[in-house]
Amino acid sequence: MAQIADDDLRRDRLLAALALTVGAAFCIALPFALKAGQEFFMPLTAALVISVALVPLLEWLERRRLPSALAAFVATFAFLMLTNVALAVIVVPATDWFAMIPSSIPRIQNNLAPLIDFYASLQDFVEKTLFFVASGTEATAQAVAATTPSSIIDYAISTAPAAAIQLFFAILVIFFFLAGWTRLRKSTIRRRGSFDGAMQTARMIQNVVDVTANYLAIITFINAILGLIVALLLWALGMPSPFMWGGIVTLCNFVPYLGPIVASVLLGLGGLMTFDAVGYAMLPALIFISVHLVEANILTPTILGRRLTINPLLILVSLSFWGWVWGTAGALLAVPLLLIMQTILRSTGTPDFAGFLFERGTLTGKDFDRDQLKDTDF
């Protein structure tokens, strides 16, 4: 009997080792596949996240006796209208601001003249001690200055057809996902072989929908309030296009940590383009930083509570990973995807890697002998 038990254990560990090896290889290859297939995977993933967030609205409409297809159309149309209004508030004025950058360069230089003069006084010391580094930096700066920004416009124009196709594909995915959501959920639950499995599947699906929809709804509400407050304060300050800046703040704040930094830099640049005194020009960025500190430390923790809090280290890792894979779109999707994966793992359980590597487990997370652990001398 002991020999049979040992043989079964070795067989289980061999199968677990093969599963672990295949899983590790899959995890290593997956990021490169996602990056290479960005044109397909990015709009598909974004559409699925948006669809999951729209499921509560779909179910609310279906409870009002609307057919699934009509409810899906109404939910998709409402999302598109809200998105178009938000983009119109941001994109149209931002185009005018972008066109004003060349003509605003002299004003920016005049505003920064005190800082430039201060650092210019250190030029002799820098040239004597770090001449090689300074000359290399100067050559690099001249090369960067020679680059015209028209290439960005040309790139955007050249990729516009691809972006339109991706947007159309994402809209279709959202509509058909919502239209078939009720049937898909029921069929998935009914395919389980046992009642406990069906209940666990239903609970996991509901948890994913609740967590994703609640997080995106709450974060969108908080960011909209933040953008509105910043816009009103900038309007009182006399900043042109205050609601455009409020929209930029709202959009940037969807990306934790990095988004507020980008918003502060953009507001600082906008202030330098608008006002003549450097101290007055920095007020828009300071206003946003002050309001953001209140939002990040008081408003968001109070509304979200402990139920939707995430480890900051996991957020940074997720931002780095998805930002590397899909750029700005990946950074916007990083936190919702992290929430979805965490919810699925909490519902299904996680493999016991420590038990497999350091004990006699087989990735199943079996309970250890606590009495034996107490008697162990570390």
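This text goes with the structure placed above it.
Residues numbered from 1 in each chain as written. Predicted model: local features only at pLDDT ≥ 70, side-chain atom pairs only at ≥ 80, totals over all residues. Heavy atoms only, no water.

Asker: Help me understand the overall build of the protein chain in this model?
Answerer: Across its full length, the protein chain holds 16 helices and 0 strands. Within the protein chain, the proportion of its 378 residues that are buried is 31%. Across the protein chain, the fraction of contacts at a sequence separation of at least 24, relative to all contacts at a separation of at least 6, is 71%. Of the roughly 24000 Å² of accessible surface on the protein chain, a fraction of 71% belongs to carbon and sulfur atoms. (Helix = DSSP H or I, 4+ residues; strand = E, 2+ residues; numbered from the N terminus. Buried < 20%, exposed > 50% of the residue type's maximum accessible area, 1.4 Å probe, protein only. Contact = heavy atoms within 4.5 Å. Areas by Shrake-Rupley, 256 points an atom, 1.4 Å probe, with all protein chains shown as cover.)

Asker: Honestly, the side chain of Thr45 in this entry has me stumped. Any pointers?
Answerer: Within the secondary structure, Thr45 sits in helix H2 (residues 38-63). Here Thr45 falls in the buried class, since its relative accessible area comes to 17%. Residues within four places of Thr45 in sequence aside, it is in contact with Trp326, Leu333 and Leu337.

Asker: Explain the packing of helix H8 (residues 181-190) against helix H9 (residues 195-237) here, please?
Answerer: Packed helices, taken two at a time, are described by the angle their axes make and the gap between the axes. Contact geometry for H8 and H9: axes closest at 8 Å, N-to-C directions at 145°. Seen from H8, the contacting residues are Trp181, Arg185, Thr188 and Ile189; seen from H9, they are Ala198, Thr201, Ala202, Ile205, Gln206 and Val209. Taken together, the residues that form the contact of H8 with H9 break down as 6 nonpolar, 3 polar and 1 charged. (Axes fitted to C-alpha atoms, helices over the stretch in contact; angles between N-to-C directions. Nonpolar A, V, L, I, M, F, W, Y, C, P; charged D, E, K, R; others polar.)

Asker: Would you explain the layout of surface pockets in this entry?
Answerer: A probe as big as a water molecule, rolled over the atoms, marks out the empty space that is left. Taken as a whole, the second largest pocket encloses approximately 980 Å³ of empty space. Lining the second largest pocket we find 34 residues, and of these Trp322, Leu337, Ile340, Met341 and Ile344 sit closest to its centre. Ranked by the residues each element gives to the lining of the second largest pocket, the list is headed by helix H14 (residues 312-348), at 13 residues. In the lining of the second largest pocket, the residues fall into 29 nonpolar, 5 polar and no charged. (1 Å grid on protein atoms, 1.4 Å probe; cavity = no way out; pocket = protein on both sides within 12 Å on 5 of 7 lines; lining within 4 Å. Points joined across faces, edges and corners; volume = space filled by probe spheres on them.)

Asker: Sorry, what's going on with the packing of aromatic side chains here?
Answerer: How two aromatic rings sit relative to each other is set out by the distance from centre to centre and by the angle between their planes. Enumeration according to the criterion identifies 9 aromatic pairs in this entry. Taking 5.2 Å as the distance between ring centres and 75° as the angle between the ring planes, the aromatic pair formed by Phe40 and Phe41 counts as edge-to-face. On the basis of relative accessible area, Phe41 is assigned to the partly exposed category, the value being 30%. Seen in terms of ring centroids, Phe175 and Phe176 are 5.2 Å apart; in terms of plane orientation they differ by 70°. Their pairing is edge-to-face. Here the aromatic residues Phe40, Phe41 and Phe169 are joined through ring pairs into a cluster of three or more. (Phe/Tyr/Trp six-rings, centres within 6.5 Å; stacked < 30°, edge-to-face > 60°.)

Asker: Could you clarify how one ought to interpret the pattern of salt bridges in this entry?
Answerer: Between side chains of opposite charge, a pair can form as their charged atoms come close. A full pass over the atoms with the stated rule returns 1 salt bridge. The partner of Arg185 in a salt bridge is Glu59, and the shortest N-O contact between them spans 2.9 Å. Within this pair, whereas Arg185 is found in helix H8, its partner Glu59 is found in helix H2, the two being separated by 126 residues in sequence. (Salt bridge = Lys/Arg side-chain N within 4 Å of Asp/Glu carboxyl O.)

Asker: Looking at this structure, how should I read the environment of Pro301?
Answerer: Residue position: Pro301 is located in helix H13 (residues 283-304). When neighbours within four sequence positions are excluded, Pro301 is seen to be in contact with Glu295 and Ala296.

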